[in-house]
Structure formats: C-alpha cells, structure tokens
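# Observations on the three-dimensional arrangement
Chain by chain, the residues run as shown.
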Amino acid sequence: MRRRRPPIRPAAPAAVLAALLVLPACGLLDGNGGGAGGADGGGVVATRTPVASPATPTSAAVAPEIDGVVATGLPAPWGLAFLPDGSALVTGRDDAVVRRVVPDPDGGEATVTEVGRVDGVAPEGEGGLLGIAVPPGDSPDHVLAYYTGPDDNRVVRLGWDGAALGEQTPVLTGIPKAGFHDGGRLVFGPDGFVYVATGDAGVPENAQDPASLAGKILRITPEGEPAPGNPDPGSPVWSLGHRNVQGLAFDDEGRLWASEFGAKDVDELNLITAGSNYGWPVYEGRGDDPAYVDPVVEWSPTALASPSGLAILDGSAWVASLRGARLWQVPLVGDRAAEPVAWFTGELGRLRTVEPAPDGSLWLVTSNTDGRAEPGPDDDRILRLTLS
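It should be emphasised that the depicted structure is a prediction, and the values quoted were computed from it without experimental measurement.

### Some thoughts on the overall build of the chain
Of regular secondary structure, the chain possesses 0 helices and 27 strands. The burial tally for the chain puts 59% of its 388 residues in the buried class. As presented, the chain carries roughly 14600 Å² of accessible surface, and 53% of it is formed by carbon and sulfur atoms.

### Thoughts on the side chain of T198
Looking at where T198 falls in the secondary structure, it is placed in the loop between β13 (194–197) and β14 (216–220). What makes T198 buried here is its relative accessible area of 0%. One polar contact links the side chain of T198 to the main-chain carbonyl oxygen of L213, over a distance of 2.8 Å. Within the structure, the side chain of T198 is placed 3.1 Å from the backbone nitrogen of G215, a separation counted as a polar contact. Apart from residues no more than four positions distant in its own chain, T198 is found in contact with Y146, I175, D182, G183, L213, A214, G215, K216, L218, N244 and V245.

### A closer look at the confidence of the model for the chain
The share of residues in the chain with pLDDT of 70 or more is 84%, and the mean pLDDT across the chain is 88. Counting interchain partners and residues more than four positions distant, the pLDDT-below-50 stretch residues 1–31 has 80 contacts. Residue range residues 33–47 is modelled with pLDDT below 50. Its contacts to residues more than four positions away, or to other chains, number 59 contacts.

### Some remarks on the pairing of strand β16 (residues 245–250)
Among the 6 residues in β16, 6 count as buried, and that is most of the element. Taken together, the 5 bridges between β16 and strand β17 (residues 256–260) define a ladder with antiparallel strand orientation. Bridging from a neighbouring strand, A249 pairs with W257 of β17. Counting the residues between successive antiparallel strands, the hairpin from β16 to β17 contains 5 residues, one of them, G254, with a positive phi of roughly 80°.

### As for the nonpolar core
Core analysis: the largest hydrophobic core is formed by 18 residues, its most contacted members being L89, V98 and V143. Where this core is concerned, the elements lending two or more residues are β8 (129–133), β9 (142–148) and β10 (153–160). In this view, V143 contacts L89, I132, A133, V134, P135, V156, R157, L158, W160 and L165; residues no more than four positions away in its chain are not counted.

### Side note on the sheet that holds β9
Strands sit in the order β8-β9-β10-β11 across an open sheet of 4 strands; the sheet is antiparallel. With one partner strand each, in any of the chains shown, β8 and β11 (165–175) form the two edges of the open sheet. Across the sheet, the mean angle from the axis of one strand to that of its neighbour is 25°, orientation sign disregarded. Two elements, β8 and β9, share 3 bridges in a ladder whose sense is antiparallel. Note on β9: the bridge partner recorded for A133 is L144.

### Here's the deal with the packing of aromatic side chains
Using the criterion set out here, one finds 5 aromatic pairs in the structure. Judged by centre distance (5.1 Å) and plane angle (75°), the rings of Y195 and F250 are edge-to-face. With a gap of 55 residues between them, Y195 in strand β13 and F250 in strand β16 connect regions that are remote in the sequence. Since its relative accessible area comes to 4%, Y195 is described here as buried. Grouped by ring-pair contacts, the aromatic residues Y195, W238 and F250 constitute a single cluster. Here the basic side chain of R243 rests over the ring of W280, its NZ or CZ set 5.4 Å away from the ring centre.

### A word on the sheet that holds strand β15 (residues 237–240)
Read across the open sheet, the 4 strands follow the order β12-β13-β14-β15; overall the sheet is antiparallel. The open sheet has two free edges, formed respectively by β12 (186–188) and β15, since each of these has just one partner strand. When strand polarity is set aside, the average angle formed by the axes of neighbouring strands in this sheet is 20°. The pairing of β13 with β14 spans 4 bridges and is classified as antiparallel. Directly across from A197, in β14, lies its bridge partner I217.

### Considering the environment of T173
Along the chain, the position of T173 falls in strand β11. Remark: the alpha-carbon pair of T173 and G149, spanning 24 residues in sequence, is separated by 9.8 Å. Residue contacts for T173: discarding those within four places in its chain leaves D152, N153, R154 and L213.

Rules used in this analysis
- Residues numbered from 1 in each chain as written.
- Predicted model: local features only at pLDDT ≥ 70, side-chain atom pairs only at ≥ 80, totals over all residues.
- Heavy atoms only, no water.
- Helix = DSSP H or I, 4+ residues; strand = E, 2+ residues; numbered from the N terminus.
- Buried < 20%, exposed > 50% of the residue type's maximum accessible area, 1.4 Å probe, protein only.
- Areas by Shrake-Rupley, 256 points an atom, 1.4 Å probe, with all protein chains shown as cover.
- Polar contact = N/O pair within 3.5 Å; in protein donor to acceptor, adjacent residues only side chain to side chain.
- Contact = heavy atoms within 4.5 Å.
- pLDDT = per-residue confidence, 0-100.
- Pairing = 2+ DSSP bridges.
- Core = buried A, V, L, I, M, F, W, Y, C linked by side-chain atoms within 4.5 Å.
- Axes fitted to C-alpha atoms, helices over the stretch in contact; angles between N-to-C directions.
- Phe/Tyr/Trp six-rings, centres within 6.5 Å; stacked < 30°, edge-to-face > 60°.
- Lys NZ or Arg CZ within 6 Å of the ring centre and 35° of its normal.

What follows is the structure in structure tokens.
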C-alpha cells in the first residue's frame, strides 16, 4: 500500500510556498497517468514548490507568446526531435509513422512529409510509437525511437539518410509494457549516452525492483549496453522509484530533470541523480524520508498538470500538461525552483511535448487526437512560442 505524504508543518525550516490557483472547469478527460480521483471542476487548489531563498522571484522572468502555427493536422503526435538543419522528426503514436516537419522560412505553415513507418508497433491505450532522439553531430546516420510492441516496450535504431528512415535494429528490449504507464521519452545526454524514461507498466512494485526495467530512468550506450559509470555496472538503471516519467531534459549545467505523473494526488518535477530512489509506490510526492528523494516541485491535485513533455530554456523548466491543459513555467534557481506559472490554461487543450528549437523558440505540441479530448478542426498542432 502507498503511504500518504505526511502533513506539511508550517514551522518547518524548508518552507513550502502555497500558490493558490483557481482551476476552471475544462471538461477534459483524465490525462495519462493522472488518476481519476482528482476533481476536475472548479475550486481553489494549491501548487507546492520548495522556495530556493527569500530572494527567489515568484513570477515568470519571461513570458511565452504564440508566434505562429508550425503545422496542423498531425494524428496523435508524441515525440519530437530536431535535426541539424532545423527541421524536426515527429512520431505518430497510433499510426507508427515518423513525419519530417520543415519550417517555412517566411513564417507560414511548415512542409510535413512522411519519412518512414516503424515496424512492430502495437498501439494500445497510452502505448504506441512514442519518443524519438537524434544523436549529436552535424550528419547523423541514424535516429533512436521508443515504441510499444506486442510483448514489450523497446528502443530501436532507425537508419537515416537525410531524407528517409532505413534499416531498423533493436537496441534495448524487454521493457515491461501495459495499456498505461509506458514512459517513452528518449534524450541524448551531454555525455553522449542515451537516457530512457519508462513507466511502471501498471505494476507499482516494478518501480522498486532493481532487476526490472519498468518505473526507471535508464542510461545506455547508443548500442544498448549499460553505460559506463552507471550505479550498477551491469545494469542500465540510472534511477528508480518512478511511476510514469514522460519528460526528460538537461539544463545548462548538465543536470537531468524529469516530469512524472502521480496517481490521484501529486504530480512531480524531479532533479535526477545517479542511483537515487524517487519513492513510488512508497510515496506519492514528498515523503520527507531520507531513503528517498523528494520532488523539487509538486502539483496537487493531478488535474492541474498530468505532465508529459519537458524542456529547459532561459532558466526555466517548461512542462507540457495533458489533463491540466496548460504550459507550466518553473523558474529554476540552482537545484530548487521558484513559484510555477501557468500559461495558455484551457486555450490549446491537452499538451504533449515541448522542445527548444535551434532558433531559440519553443515548439509546443498539442495532444487532442489521442482519444481523450474533443479535437478542433486543425488538431493536432505544433505551435511556435517565443520568449519575451
């Protein structure tokens, strides 16, 4: 049984800032991993985040503005990774197609073409063709993708000739799958290794089992072997105790952050360190237990967030929220955070992915055709955001 987070003590030295927010009734269905228990009507709720210091700003240093629509009509887009030329590869969760999005230099709508289909994808629930990652360098000859197959989740290498996908080769297999909690985000770290986010596959105990690849963040070589320097040299496990991580991003100091779905109470933003245990299912949110690492930021209830994609740009973490239908900005101060700020609440629907673009903007991907919302005529879309 999961133990509830102890009550917050107002006099505790590590103060917790209660940012009172009014949650409008948005009529959206429950987001991925967001548990049906959080009320989705109106009312006053609290977002809790540790304060870095009394001088920490409690408002956004920059404001995102929608600077155009990059692309429309994308079916259930999930992962997005930029190529060296500034175009991007976008995965379709349900149709297993990878599309290339080439921006219009005059600011109009991008050119979208299919560049290949990933073999063996078995879409079900939250599973399907999920994350995609482009290796560093000016002329990559392959990309990596994460998908749900008939028997497992897996990472594969896909040949890339600059115009189309080529040969498909398994890199890491045997990640437990389910209709829910499949994780799926991939990112190359500044060390050149690949970081893989997995979910607990609906079995909470997986997250605490060091022998299971579920409920973990994994660190592997591009060939799929445990990366040198891992806590257990024979294991790809980098951190454990995760329920369902769908956002991974590195900051300018090379630190890894992750966004994570809660069950019915608390969503999380975590700073990831090697070998650390983030508590699920012993704790949802803070445990104030030295055996586990507490989140840097919590959102409660899960109707406020259900966070998927994560990007870090201009000193803030940007968190794309599904059920919450808003983009959260979390100003970062060292290893702590200032008060989160919500943008575009209820204006764009469910938000799946956010990525920094080579030109300094953010690309924000909606998720209204994933079966949990009423899509608009142009959904799903990629929007370009500039920071001012």
